[in-house]
Each structure stands twice: as C-alpha cells, then as structure tokens.
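# A look at the structure
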Amino acid sequence: MDLAREHGVSTQAVRNYEDAGILPAATRTEHGYRTYTPMHAQALRTFRALTAGHGHAMSTAIMCAVNSGDVDAALQTIDDAHAQLREERATLRSVEHALAGVQPAGTTRGGVQPAGTTRGGVQPVASSGAGLFIGPLAHKLGVEPATLRKWERAGLVRPDRDRKTGYRVYAESAVRDAQLIRQLRRGGFALSRIAPLIAHVRSAGGVEPLVDLMDDWHDRIHARGRAMLSGAAELDRYLVLRNPDGRVRPELPDAPPSVPVHR
C-alpha cells in the first residue's frame, strides 16, 4: 500500500511518522521492505485530521498513546484540549461583553461628566483641558480612586496631570481604557491578562477596529471545534480497526418501552 502517494506526503515523511510512533510499526518483507496495511492508512488519516484541531505535538502524543495501548491517556489529552477550547470560548465572550460596555470616544453616554463639573457631591478642581478627574471617573465605574491608581501603577491607564493643580486628568482614551479594564475585571480577568488587550486597543486607536479581530477570533474557535470533531471521528475509526472485537463504544441503554396513548 503506497501511503505516501495516497496522502500526498513524501516516502521519508511516512518513515518518520512510523519512527515517531504516529504509525504502528510496519511488517517487513524478506528483502526488508516495509509493508503498510489499511490500518496504517487509517492511522495516517487520523493523525492528519487530528493536527487540524490539536496541532502537531498534541496529535503526535495522542497517536503515540493509542499505538502503545494507552487509549485512556490519548482520551485524557483530547479532554484537556476541549477544556482549553471551552476556556478560550468563554474568554472571547467575556472580551466581547467588555467591549460592548465601552462607550465610544468623544461621548458622555451614561452620565460620564467632563472635568470641571459636579456629580454626587464631588467637586473637581477646574481643569485647563477636557477630561475627567479621578473622583468622578471612579464614581462612574463604581470603584475606589485607589483602584484607578493601582491600574495606573500597573501601566493599564495613563492619566495626564493638570498643569495648575497636578491632579490626575483622564482624557477620552484613558476613560475608554478604564471602562474596558473594569468590564474585564468583572469578568474575572487578572490584570496581567488585561494588559495585552489594552495594548492592542491603544495600537488600534480604540475599540472599534477590534470588531474584525473578534470576528476572526470567533471563526478560529469555530473552525478548531469542527476540526477537533473531525479528528475524533477518524480516531474512532482507527480504534475500531485496531480492536474490532473490543468494546470501544459505551453501551447505550435500551429505549424505554413505548406506552400506548389513550384518547
């Protein structure tokens, strides 16, 4: 059986796969030539299908575990990958929710007031430029001013300083960053995980350009999920070939007896 030609890979690649444990060991003819069977073909199809969803290294680990007889280890690796994908999907939803709660720059939606106004008994000192002082911004976000200062020390927000008073003044971009940080913190994100996203928002010039990024992220998660399903289907076929008489699928319970309906 010509595995290389069937799968569009080199003969050396097939040998490498066998040496790595991705393919089961081939039998040899009396002249030393390798003999490949339909089981080897299915193993190669399985590996190539798995790599689309799990990557080369993890797919190699799965196939090596199966070929060494440790199917439980292979399934545990797959379970871990699904858990990681679930976490990534939850992260995407949290980020999308956070971005949806960030007001566009240049607006005062939701009662955000510029510096020099009074709200909730807070009387900020007059500023020479547009922006928010730390008190009104903290009140708007529902946090303490100390929290904003902590975010500043972590490099997540960058307030300006009023030239006359030295007080912190949060420009539109800083207010945007603070809103996004607040939303992500509500979603359980650590500051260390928030920092890269804030850097991306700054480099993009706001949250609006991130819409395409979120769409691409969603598409990648969806594509990986489908690829993992395809890989699982091929792996199941391979397990059946390896152990056709074994119990590789759980027994389904018998359907409950039908109950006549009297009308």
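For the structure itself, look to the data block above.
What counts and what doesn't
Residues numbered from 1 in each chain as written. Predicted model: local features only at pLDDT ≥ 70, side-chain atom pairs only at ≥ 80, totals over all residues. Heavy atoms only, no water. Axes fitted to C-alpha atoms, helices over the stretch in contact; angles between N-to-C directions. Helix = DSSP H or I, 4+ residues; strand = E, 2+ residues; numbered from the N terminus. Left-handed = near helix turned anticlockwise from the far one by under 90°. Contact = heavy atoms within 4.5 Å. Nonpolar A, V, L, I, M, F, W, Y, C, P; charged D, E, K, R; others polar. Salt bridge = Lys/Arg side-chain N within 4 Å of Asp/Glu carboxyl O. Buried < 20%, exposed > 50% of the residue type's maximum accessible area, 1.4 Å probe, protein only. Pairing = 2+ DSSP bridges. Expected span 1.5 Å × (residues − 1). Arc of directions from axis to C-beta. Patch = residues over 30% accessible without salt bridge, like charges linked within 9 Å, V, L, I, M, F, W, Y side chains within 5 Å. Areas by Shrake-Rupley, 256 points an atom, 1.4 Å probe, with all protein chains shown as cover. Lys, Arg positive; Asp, Glu negative; His and termini not counted. Charge placed at Lys NZ, Arg CZ, Asp CG, Glu CD.

### Let's talk about the packing of helix H7 (residues 172-186) against helix H8 (residues 191-204)
Viewed as axis vectors pointing N to C, H7 and H8 meet at an angle of 145 degrees, and their least axial separation amounts to 10 Å. As H7 runs across H8, the sense of the crossing is right-handed. Residue-level inspection shows Arg176, Asp177, Leu180, Ile181, Leu184 and Arg185 of H7 in contact with H8, the latter providing Leu191, Ile194, Leu197, Ile198, Val201 and Arg202. Classifying every residue of the contact of H7 with H8 gives eight nonpolar, no polar and four charged.

### Looking at the pattern of salt bridges
As enumerated under the stated definition, the model contains six salt bridges in all. In this structure, arginine 34 and glutamate 18 form a salt bridge, with 2.9 Å as the shortest nitrogen-oxygen distance. Linking arginine 34 in strand S2 (residues 34-35) with glutamate 18 in helix H2 (residues 11-20), this pair joins segments that are 16 residues apart in sequence. Taking the relative accessible area as the measure of exposure, arginine 34 reaches 25% and is therefore partly exposed. A salt bridge links aspartate 177 to arginine 202; the shortest N-O distance between them is 3.1 Å. Residue aspartate 177 is located in helix H7, and its partner arginine 202 is located in helix H8; the two are separated by 25 residues in the primary sequence. Three or more residues are tied together by salt bridges with common partners; here these are Arg176, Asp177 and Arg202.

### Things to note about the sheet that holds strand S3 (residues 132-133)
Read from one edge to the other, the open sheet built from three strands follows the order S3-S5-S4, with strand pairing classed as antiparallel. Either end of the sheet is taken by a strand with one partner, and the two such strands are S3 and strand S4 (160-161). Two strands pair when backbone bridges link them, and S3 and strand S5 (residues 168-170) are joined in this way by two bridges, in the antiparallel orientation. The residue bridging leucine 132 from the neighbouring strand is tyrosine 170, located in S5.

### As for helix H4 (residues 71-100)
For H4, which comprises 30 residues, the first-to-last C-alpha distance of 44 Å matches the rise-based estimate of 44 Å (1.5 Å per residue) to within 8%. All of the buried residues along H4 are Ala74, Thr77, Ile78, Ala81, Leu85, Thr91, Leu92, Val95, Ala98 and Leu99. Taken together, the buried residues of H4 touch helix H3 (38-67), H7, H8 and helix H9 (210-242).

### Quick look at H8
Since there are 3.6 residues in each turn of an α-helix, residues three or four apart along the chain are aligned in direction. The terminal C-alpha atoms of H8, which comprises 14 residues, lie 20 Å apart, in line with the 20 Å expected from a rise of 1.5 Å per residue. For H8, the complete set of buried residues consists of Leu191, Ile194, Leu197, Ile198 and Val201. Projected down its long axis, H8 carries its buried residues within an arc of 120 degrees, all on one side. Exposed residues pointing more than 90 degrees away from the buried face of H8 are listed as Ser192, Pro196 and Ser203. Along its buried surface, H8 packs onto H4, helix H6 (145-153), H7 and H9. Positive backbone phi, approximately 85 degrees, marks glycine 205, located one or two places after H8.

### Comments concerning a positive patch on the surface
A surface patch of like charges, here positive, comprises Arg149, Lys150, Arg153 and Arg185. For the positive patch, the element with the highest residue contribution is H6, accounting for three residues. Note that arginine 149 resides in helix H6.

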